[in-house]
Amino acid sequence: MSDLTTPPPIEFRKQTLANGLDVIAKRRPGLPTAAVNLWYHVGSKDEERNQRGFAHLFEHIMFEGSEHYPGDFFKHLQPLGGSVNGSTSTDRTNYFVDLPAVHVERVLAMESDRMGWLIPALDEKKLNIQRDVVKNEYRQTHANRPYGQAWRILFEALYPPQHPYSWMTIGVMEDLDSASRDDVAAFFRRFYVPANASLAIVGDVPEDEAFAMAERYFGPIPGGARALRPWTPPVKLAASRELELIDRVEMDRVYLIWHTVPQFHERDAALSLLGDVLGRGRSSRLYKKLVLERQWAQDVTAYQSGRELAGTFGLIATLRPGASMADVRKLLFDEVEAIATEGVTDEELERVKTIKASAFLFALENAGGFGGVADRLNAYNVYCGDPARITTDLQRFLDVSLVDVQEAAVDYVHRKPYVALNVFGRKPAVGGVSKVDRATPPPAGKPATFRAPKPEVFTLSNGLPVWILPRRDLPTVSLTVAMRGGGALQPIDRPGLADLTASMLDEGTKKRSAEAIASEIESMGAAMSGSCGWDGAFVSLRCLKSILDRTLDLAVDILREPAFPTEEWDRLRGRTVDALRSERDSADARCHRALMKTLYPEGHAYRHPLDGVEQVVAGLDREEAVAFHKKHLGPSQAGVIAAGDVDPDALLKLLEARLGDWRGEPTTLPTITAPPLGQRPRILLLNRPGAPQAVVRFGHVGIARDDEDHDRLMLMNQVLGGQFTSRLNEKLREERGFTYGVRSSYDARRGAGPFAISASLQADKLTIAFDDVRRELDALLSDRPPTKEEIDDARRSLIEGHARHFETPSALVKRYAHLFIHDLPMDDLVNFPERLLDVDLPSIIAASQRRLDPHALVAVVVADAEHVRDQLEAVPWAGLEIIED
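Residues numbered from 1 in each chain as written. Predicted model: local features only at pLDDT ≥ 70, side-chain atom pairs only at ≥ 80, totals over all residues. Heavy atoms only, no water.

Draft legend 1. Inspection of the packing of helix α9 (residues 268-279) against helix α16 (residues 402-412) at higher detail. Orientation of α9 relative to α16, taken along the N-to-C sense of each, is 90°, at an axis distance of 8 Å. The angle between α9 and α16 places the two elements in the roughly perpendicular class. Across from Ala 270, Leu 271 and Leu 274 in α9, the residues of α16 making contact are Asp 404, Val 405, Ala 408, Ala 409 and Tyr 412. (Axes fitted to C-alpha atoms, helices over the stretch in contact; angles between N-to-C directions. Helix = DSSP H or I, 4+ residues; strand = E, 2+ residues; numbered from the N terminus. Parallel < 35°, antiparallel > 145°, perpendicular 65-115°, else oblique. Contact = heavy atoms within 4.5 Å.)

Draft legend 2. Structural context of the side chain of Glu 776. If you trace the backbone, Glu 776 turns up in helix α27 (residues 766-781). Given the relative accessible area of 7%, Glu 776 is considered buried. Engagement of the side chain of Glu 776 in a polar contact is seen with the side chain of Arg 784, the distance being 2.9 Å. Glu 776 has contacts with Arg 727, Leu 728, Lys 731 and Arg 784, leaving out every residue within four places of it along the chain. (Buried < 20%, exposed > 50% of the residue type's maximum accessible area, 1.4 Å probe, protein only. Polar contact = N/O pair within 3.5 Å; in protein donor to acceptor, adjacent residues only side chain to side chain.)

Draft legend 3. Fine view of the packing of aromatic side chains. Here the structure, examined in full by the defined rule, presents 32 aromatic pairs. Measuring from centroid to centroid gives 5.7 Å for Phe 54 and Phe 187, while their planes differ by 85°, and the two rings are edge-to-face. In this pair, Phe 54 sits in helix α1 (residues 54-61) while Phe 187 sits in helix α7 (residues 181-191), placing the two residues 133 residues apart along the sequence. Judged by relative accessible area, Phe 54 falls into the buried class, the value being 2%. (Phe/Tyr/Trp six-rings, centres within 6.5 Å; stacked < 30°, edge-to-face > 60°.)

Draft legend 4. Molecular detail of the side chain of Glu 568. As for its position among the elements, Glu 568 is in helix α20 (residues 566-582). For Glu 568, a relative accessible area of 18% translates into the label buried. Among residues more than four places away in sequence, those in contact with Glu 568 are Met 504, Glu 507 and Ala 514.

Draft legend 5. Quick look at the sheet that holds strand β1 (residues 13-16). Spatially, β1-β2-β6-β3-β5-β4 is the arrangement adopted by the 6 strands of the open sheet, whose pairing is mixed. Since the sheet does not close on itself, it has two edges, and those belong to β1 and β4 (83-88), each with one partner. On average, each strand axis in the sheet is tilted by 15° relative to the strand beside it, whichever way the strands run. As paired elements, strand β3 (residues 33-40) and strand β6 (residues 197-203) share 7 bridges and run antiparallel to each other. For Ala 35, the partnering residue across the bridge sits in β6 and is Val 202. Here helix α3 (residues 104-116) sits on the sheet in contact with β3, β5 (93-100) and β6, set at roughly 15° to β3. (Pairing = 2+ DSSP bridges.)

Draft legend 6. Geometry of the pattern of salt bridges. Counting across every chain of the model gives 71 salt bridges. As a salt-bridge pair, Asp 204 and Arg 27 come within 3.0 Å of each other at their nearest N and O atoms. Linking Asp 204 in the loop between β6 and α8 (207-218) with Arg 27 in strand β2 (residues 22-27), this pair joins segments that are 177 residues apart in sequence. Among the residues examined, Asp 204 registers a relative accessible area of 24% and is labelled partly exposed. Its relative accessible area of 37% is what places Arg 27 among the partly exposed residues. For the salt bridge of Lys 356 with Asp 276, the shortest nitrogen-to-oxygen distance reads 3.3 Å. (Salt bridge = Lys/Arg side-chain N within 4 Å of Asp/Glu carboxyl O.)

Here it is as structure tokens:
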């Protein structure tokens, strides 16, 4: 392995408070932002059988307010530009906030308050509401989702009933129903204590200040005790088990799962690379044979999942229609046997090591979020007691030998007992005292000042614009060639053509086969793709600085010389058709498609989703894609945006040599006319027999990206449904407990895209929920318009959260490519704060009244018609129509 693929050391400091809390601080100057990440060493593995789901329930309860910070956690931090989230796994719970660095003290005050003073603020009402929210999350993510019950069945088969991995993290609804406030309070007091926690602060905060603030707020909390490793019975399977599940899916799927080793075990790395050889990337053995050559599978996955108490190795394949389950299973077993008997090649092992090394490096671009530097420091601290493994842990993968991979296959997978689950589709019938004054929150701090960087602008000899944003903290580069137009350019009667054409770009060129392209990309540890949106098409890359010239060679070949091989066209078109057919299984996809068909008339560019319509895509001809590429994916409407560790002069030379002679016919972009709004509110019901939840989309035609009301409506939408603390989410989730979440949004395109309100709702509460949505819309437009306080909070949230969107080279490229394809001023992002500050409340109210019309609202519902029809007929403000889709 080259030294260039090894992540550089990360300097940090760690202290342990007297109460046992580990505090990790890393100064990371540059952006005026910080990541505060708190891990508790508690997950579903720490529950008793009558507590299944408690850890996940507390992930919700922890956001519901503590003694000195009443109300939900989001309302205090979102106005300060914070991105707030958390998650629960079998082994840990994490909470993180990414926000301007000047507000870190506020976060630490709040995190410590819910650690030390959550229970006094927990009453029966909060418990009952969050219990209902979790139930709706379960319905949305498991009961009402294709293949959603597979893992519950597998866990119960893999582990004995006493083992804490035998149930899912989301828990068992009966256990949650029977839980009292005293039950959950006792669970909290046992696990959510300083001695069982790790705090990481990464960003533009001096380390001494970080430690001082941690001591001030967390130091007075009684330490408690570290969680003990729970007793677990043996997990060895005496014999293989074969299970079957009949599900509401179009495509059959097979799961094969073996017991292996826990995380960080000496064999964990070899098993992980075994999974990568089998199933990671287009060059992997299973992808090549199942997806590309035989075309039996829509997708295939191979993985090693090491957790604290145990590990599993899995093979998962989703079968294309007509494929034989027996044939697919035989091939899966055959490939395992081939590695067990013959081993893997040097080339295969080098490829997956390079991919692993590059992934480690790219992960260090983000300070916060899931998997960022702060999250990883905590992970290595909690699991290994050594945060420094954030970069050194890679070495155990680089040290794996050919023999290690072969022996891992022999010792843990080949001819070893497994659990198989064959999923077959069926067609649906139509604490302590602190000296801190917790009653007075620390001041929010002066708003962070941040102005987006302005690209350095250049032009190649053929007139092609190049925007460059140097960022030299890590040796990584992101680049895209953006071409204006996208899906809006395809013929009206050929929905899906633009998306399929863009997807074909890396399926073979005049010099390289699809297999050669995939192999070259993966051997470099790079990422490359052709993609298409409604307003632009893109050829994008991300790579290490050291291989930029080689990666550019490949990207330009894909951009300029795609061959659209007939064999690859037939394969990819077939997979796309199968994917579209499988969308019948998704209530969300059906709901979205029905709403678009209702809002946009025949002949409109936006009537169908970007990936097209099954019958149309099935009839697309290769020559149509060739013609679309020649006409619309050329230099006339193109530009290059690059960011990362690049020298502008050196990059321009590379680009000039490869794109300076790129020429084509001038093209113009079509005008997309907005259809009129509907004249009456409507409810459209699509039947989904047996659905435990109702998927709902309310909407009407919205605005274009260049609409003069765009910024005003962005602020209004924050208040209505654009963030966790919005009016709709407060009503339907926090007050009612009817949903896991509700959101509203404007999809502003070159033409007027849709305005939509989206939620998965408790199926027996639709009349009340529909009434709530309509009341909130009417109130916003009449007797309860957005208040100055709400708009000021929304404005500050967007302005102070602005810096978080410029952290990585990939994020920079994405933001500026958006400007380019929409012909927005280059300083649009630079002037963003000033623009929002100039928007006044009367203009927001006026824009809302112009652009939001409850009388034009269409509500699409995908649910069990037998159970919801009467409820929907009782909605007084709209008529019900039952439709076939």
